[in-house]
Amino acid sequence: SRPSLQSATSERSEARLRESEQQYSTIFEQAAVGVARIESNTGRFLQVNQCYCDLLGRTREEMLESEETLGPEKLAWDTPLEEPPVAIPGVTRFS
């Protein structure tokens, strides 16, 4: 039997989604800078790349299991940050 148009479209959409997720993961993990995904309401780390861990001298497990969070003052996206959330050589302010 012939697959339906809806089934074929769904399969193509799922394949594109898998490809997009793989690209995101590759870019996130291979970035030459520290990258962290943070839960905006709590400041907890959801995902960190190895470069971010290296910058802070901690393991990925320590970062993700830590009770330490970025405080509300660092998560106030509508106001400029006084300092970057992590020390990045040469960066004093994000714009």
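The structure we're discussing is the one just above.
Conventions we followed
Residues numbered from 1 in each chain as written. Predicted model: local features only at pLDDT ≥ 70, side-chain atom pairs only at ≥ 80, totals over all residues. Heavy atoms only, no water. Helix = DSSP H or I, 4+ residues; strand = E, 2+ residues; numbered from the N terminus. Buried < 20%, exposed > 50% of the residue type's maximum accessible area, 1.4 Å probe, protein only. Contact = heavy atoms within 4.5 Å. Areas by Shrake-Rupley, 256 points an atom, 1.4 Å probe, with all protein chains shown as cover. Phe/Tyr/Trp six-rings, centres within 6.5 Å; stacked < 30°, edge-to-face > 60°. Salt bridge = Lys/Arg side-chain N within 4 Å of Asp/Glu carboxyl O.

### What about the overall build of the protein chain?
Link 1 in the chain: Assigned secondary structure in the protein chain consists of three helices and two strands.
Link 2 in the chain: Within the span of the protein chain, comprising 95 residues, buried residues form 17% of the whole.
Link 3 in the chain: For the protein chain, the share of sequence-separated contacts (at least 6 apart) that also reach a separation of at least 24 residues comes to 18%.
Link 4 in the chain: Per element, the accessible surface of the protein chain, about 7,400 Å² overall, is 53% carbon and sulfur.

### Examining the packing of aromatic side chains
Link 1 in the chain: Within the structure shown, the criterion is met by two aromatic pairs.
Link 2 in the chain: When the ring of tyrosine 24 is compared with that of phenylalanine 28, the centres are 5.8 Å apart and the planes differ by 35 degrees; the resulting orientation is tilted. Of this pair, tyrosine 24 and phenylalanine 28 are both found in helix H1 (residues 5-30), four residues apart, which corresponds to roughly one turn of the helix.
Link 3 in the chain: A residue is classified by how much of its surface remains accessible, and tyrosine 24, at 41% relative accessible area, is partly exposed.
Link 4 in the chain: Phenylalanine 28 sits in the buried class, given a relative accessible area of 5%.
Link 5 in the chain: Residues phenylalanine 45 and tyrosine 52 carry aromatic rings whose centres are separated by 5.8 Å and whose planes lie at 55 degrees to one another, so their mutual orientation is tilted.

### Some thoughts on the pattern of salt bridges
Link 1 in the chain: Per the stated rule, a full pass over the model turns up two salt bridges.
Link 2 in the chain: Residue glutamate 29 pairs with arginine 60 through a salt bridge whose shortest N-O separation is 3.2 Å. Of the two residues, glutamate 29 is situated in helix H1 and arginine 60 in helix H3 (residues 60-65); the sequence distance between them amounts to 31 residues.

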